[in-house]
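One-letter residues, chain by chain:
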Amino acid sequence: MQRVLIIATDGFEQSELMEPKRLLEAAGAEVTVGSLRPGEIRGWDKENWGESVAVDLLVGNVSAEDYDALLLPGGQINPDVLRTQRAVIELIREFDAAGKPIAAICHAPWLLAEADLIEGRTVTSWPSIRTDLSNAGAAVVDEAVVVDSNLITSRKPDDIPAFTDALMAALNMEPAEA
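All values reported here derive from a predicted model rather than from experimental measurement.

Draft legend 1. Spotlight on helix 1 (residues 14-26). Given a rise of 1.5 Å per residue, 13 residues ought to cover 18 Å, and the 18 Å separating the end C-alpha atoms of helix 1 matches this to within 8%. Looking only at helix 1, the buried set comprises Gln14, Glu16, Leu17, Pro20, Lys21 and Leu24. The positive-phi residue at the C-terminal boundary of helix 1 is Gly28, with phi of around 105 degrees.

What follows is the structure, given as structure tokens:
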């Protein structure tokens, strides 16, 4: 069974956490949600606060060696908060150093830039952070999903099926029957 860690905090784009989590679990993965504090974190759903999701563990209590892949949902608030947290950035670097898949969607590639992982790499993202990614040395394209070695990036909620399929392919998983 593949083990996937999702790192998020309040303000994650609801669909970008919930739908990949659902699809991964349906395909047989064990999915764990890590965050900055215990309890629950609340999603952002289009223009208002959305549903909450239970936090399984704290980021400071996890190691990349315990997981097969890392998933970083977007939303504007979530990655902006997470990129200021040393433990989060170090954990992302740990996944990268191990060559494990790191899937980041929407604004989450900000975290890849903060971790200094995108120089010379090809990525995609939400349009408003593309200049930031380019300034960090990435080749930025406008495609539904981009796979560059262990990095998997996507632009927006509409890309979730392709994004999740790319992560499953990186983990040699078969998608569940619809």
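Moving on from the coordinates now.
Draft legend 2. Quick peek at the packing of helix 1 against helix 6 (residues 160-170). As a packed pair, helix 1 and helix 6 sit with axes 10 Å apart at the nearest point and diverge in direction by 45 degrees. Between helix 1 and helix 6, the crossing angle belongs to the class labelled oblique. As helix 1 runs across helix 6, the sense of the crossing is right-handed. Listed contacts from helix 6 to Ser15, Glu16, Glu19, Pro20, Leu23 and Leu24 of helix 1 are Ile160, Phe163, Thr164, Leu167 and Met168. The residue makeup of the contact of helix 1 with helix 6, split by class, is 7 nonpolar, 2 polar and 2 charged.

The rules behind the values
- All chains use their own residue numbering, which begins from 1 and follows the written sequence.
- Under the rules for a predicted model, residues below a pLDDT of 70 receive no local features and side-chain atom pairs below 80 are neither given nor counted, while totals for whole chains, interfaces and linings still include all residues.
- Think of the side-chain values as coming from all heavy atoms in the structure, minus any hydrogens and water.
- A run of H or I in DSSP counts as a helix once it spans at least four residues, and a run of E counts as a strand once it spans at least two, with each numbered from the N terminus.
- For a helix, the expected span equals 1.5 Å multiplied by the number of residues minus one.
- Relative accessibility thresholds used throughout: buried, under 20% of the residue-type maximum; exposed, over 50%; partly exposed, between the two (1.4 Å probe, protein chains only).
- Note on method: axes are straight lines fitted to C-alpha atoms, helices fitted across the in-contact stretch only, with angles between N-to-C directions ranging 0 to 180 degrees.
- Our angle categories are set so that under 35 degrees counts as roughly parallel, over 145 as roughly antiparallel, 65 to 115 as roughly perpendicular, and the remainder as oblique.
- Handedness of each helix crossing follows the sense of rotation of the near helix against the far helix: counterclockwise by less than a right angle gives left-handed, clockwise gives right-handed.
- We call two residues contacting when some pair of their heavy atoms lies within 4.5 Å.
- Think of it as three bins: nonpolar holds Ala, Val, Leu, Ile, Met, Phe, Trp, Tyr, Cys and Pro, charged holds Asp, Glu, Lys and Arg, and polar takes everything else, Gly as well.

The values reported here are purely geometric and, on their own, carry no functional implication.
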